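Examining the three-dimensional arrangement
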Amino acid sequence: MDSLSRAIVAVGALLFQIVPLSWGASQEILRPRVPRDQIEVARAVTNPLPASDEMIAKGKALFEGKAFCKACHGADGKGLG
Ligand code: HEC
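Residues numbered from 1 in each chain as written. Predicted model: local features only at pLDDT ≥ 70, side-chain atom pairs only at ≥ 80, totals over all residues.

With that settled, consider the overall build of the protein. Of the regular secondary structure elements, the protein holds 4 helices and 0 strands. When its helices and strands are written in sequence order, the protein yields α-α-α-α. By residue count, 0% of the 81 residues in the protein fall in the buried class. (Helix = DSSP H or I, 4+ residues; strand = E, 2+ residues; numbered from the N terminus. Buried ≥ 20, exposed ≤ 12 C-beta atoms within 10 Å, placed from the backbone.)

This is how it looks when you write it as structure tokens:
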């Protein structure tokens, strides 16, 4: 087998392992976290903190800093990060 064929087989074998793994991971992420019978309770939860400038600045610092939210939710918090 020449080196090109060997490289193609190696990449194919790698994809064969990675694709099912990433599919499994995305299915797990998309799984609903709130039990169906508690969805209304979860929707009724309100933020107990006042939307003051100070509180928003603290939240922004956490979102972009050590709370790591920005890595997944993006800079604008829309979930496209
Ligand atoms: C590892 C990636 C990741 C990180 C880090 C992360 N999130 Fe999320 N977040 C998700 C995913 C994926 C969902 C959707 C989960 C679901 O629907 O079950 C989600 C859902 C949410 C929701 C619900 C959104 C909605 O429309 O119902 C909020 C609010 C939220 N995240 C806030 C945060 C905050 C605040 C932080 C930082 C403390 C954070 N997330 C960190 C991945 C992440």
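Near the ligand the following residues occur: I29, P32, R33, A67, F68, C69, A71, C72 and H73. Looking at which element gives the most residues to the shell around the ligand, the answer is helix α4 (residues 69-73), with 4 residues. Looking at the shell around the ligand residue by residue, the class counts come to 7 nonpolar, 1 polar and 1 charged. Taken domain by domain, the shell around the ligand gets at least three of its residues from each of domain 1 (1-45) and domain 2 (48-81). (Near = placed C-beta within 6 Å. Nonpolar A, V, L, I, M, F, W, Y, C, P; charged D, E, K, R; others polar. Domains from an automatic or database assignment.)

What follows deals with unusual backbone geometry. Note: most residues except glycine have negative phi, and most peptide bonds are trans. Of note in this structure, F68 is not a glycine but carries a positive phi near 70°. Checked against the element boundaries, F68 lands in the loop between α3 (53-64) and α4.

Mapped onto the elements of the fold, A75 is located in the segment after α4. Among the residues examined, A75 registers 10 C-beta atoms within 10 Å and is labelled exposed. Residues A75 and K60 lie 15 residues apart in sequence; the distance between their C-alpha atoms is 9.8 Å.

Its 12 residues give α3 an end-to-end C-alpha distance of 16 Å, which sits within 8% of 16 Å, the value for a rise of 1.5 Å per residue. Little of α3 is tucked away, with 0 of its 12 residues classed as buried. (Expected span 1.5 Å × (residues − 1).)

To continue, consider the confidence of the model for the protein. Averaged over every residue, the pLDDT of the protein is 80; the share at 70 or more is 67%. For the protein, per-element mean pLDDT is lowest for helix α1 (residues 3-30), which scores 62, and highest for α3, which scores 95. (pLDDT = per-residue confidence, 0-100.)

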